[in-house]
Amino acid sequence: MSRSARYLFEQIALALTSAFLFVLFFELNDWVFANFAYSDGISWVFLPAGFRIILVLVLGLPGAVGLVLGSWFIDSALFSADTWLLPFLNGLVSGLTPWLVMKYLQHKGWLAPHIMSMTAQRLLQMTLLFSAASAISHQLLWWWLERQDVNIWIDVWPMFIGNALGALLMLYGFKFALDRIRPNRSSPTD
C-alpha cells in the first residue's frame, strides 16, 4: 500500500471512529440528561459539546469530518426525508464550527499545542468561546431556515449553557485523567 493510500485510509478511519464516538456520546447524553432538555435539540447539559472540542483538538480535520458524519446520522433519525437541507447544514455547522474556532485560536496564538499544558483558566476561556460559537451558529442556521418554534434571542442561551457545562465536564474530566496518566515531570530521569 502506498504512503498516500495508507494516509487516506487512516484519515477515513479516524473520521468514521469520530462519527461513531460522537453518536455514542450523543446517545449517552440523551439517556443520562433526558430530564435536562430545554427543548428539542437543546439540553442544559450537552456532553457531546466537549467531545466536539476534544475530537477537533486531538484529530483536527478528520475529527471535524467525523462530527459532520455523526451529526448527519443523528439528524437522519430526527428529521423527515423531505427536510434534507436542515440536517445537512446542521451537520456542517456541528462539525466545522469547532474546527474553524480551533483554526482561529491557533492563528491568534491563543491555543496551547497540547491540552495537557493548558491552564484551567485558558481551558475555561477556550470552552466558552467554542460553546458560544456553536450555540450562535446553530441558532442562526435554525433561524435562517425558519425552523418552527425557534426564538434565537431566547434559545441561544440554554444552548450556550448546555454546551459550556457539557464541554467543561468533558474537558476537565479529560484533563484530570491525562494529568493522572502522564509521568511526574518534577522527578529526575535517569
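That block above? That's the structure.
Keep in mind the model is a prediction, meaning the values are calculated, not measured.

A. Spotlight on the nonpolar core. One finds Ile53, Leu105, Leu111, Met126, Phe130 and Leu171 to be the most contacted residues of the largest nonpolar core, which totals 27 residues. Per-element accounting of this core gives the leading share, seven residues, to helix α2 (residues 47-59). Non-local contacts of isoleucine 53, meaning those with residues more than four positions away in its chain, are made with Met126, Thr127, Phe130, Ala167 and Leu171. The next biggest cluster of nonpolar side chains, apart from the first, holds nine residues, and it includes Val93, Ala135, Trp142 and Val156.

B. Representation of the pattern of salt bridges. Overall, the coordinates contain one salt bridge when judged by the stated rule. A salt bridge links arginine 6 to glutamate 10, with the nearest nitrogen and oxygen atoms 3.8 Å apart. Taken together, the residues arginine 6 and glutamate 10, both in helix α1 (residues 3-32) and four residues apart, mark about one turn of the helix. A residue is classified by how much of its surface remains accessible, and arginine 6, at 46% relative accessible area, is partly exposed. Here glutamate 10 falls in the partly exposed class, since its relative accessible area comes to 37%.

Criteria and cut-off values
Residues numbered from 1 in each chain as written. Predicted model: local features only at pLDDT ≥ 70, side-chain atom pairs only at ≥ 80, totals over all residues. Heavy atoms only, no water. Core = buried A, V, L, I, M, F, W, Y, C linked by side-chain atoms within 4.5 Å. Buried < 20%, exposed > 50% of the residue type's maximum accessible area, 1.4 Å probe, protein only. Helix = DSSP H or I, 4+ residues; strand = E, 2+ residues; numbered from the N terminus. Contact = heavy atoms within 4.5 Å. Salt bridge = Lys/Arg side-chain N within 4 Å of Asp/Glu carboxyl O.

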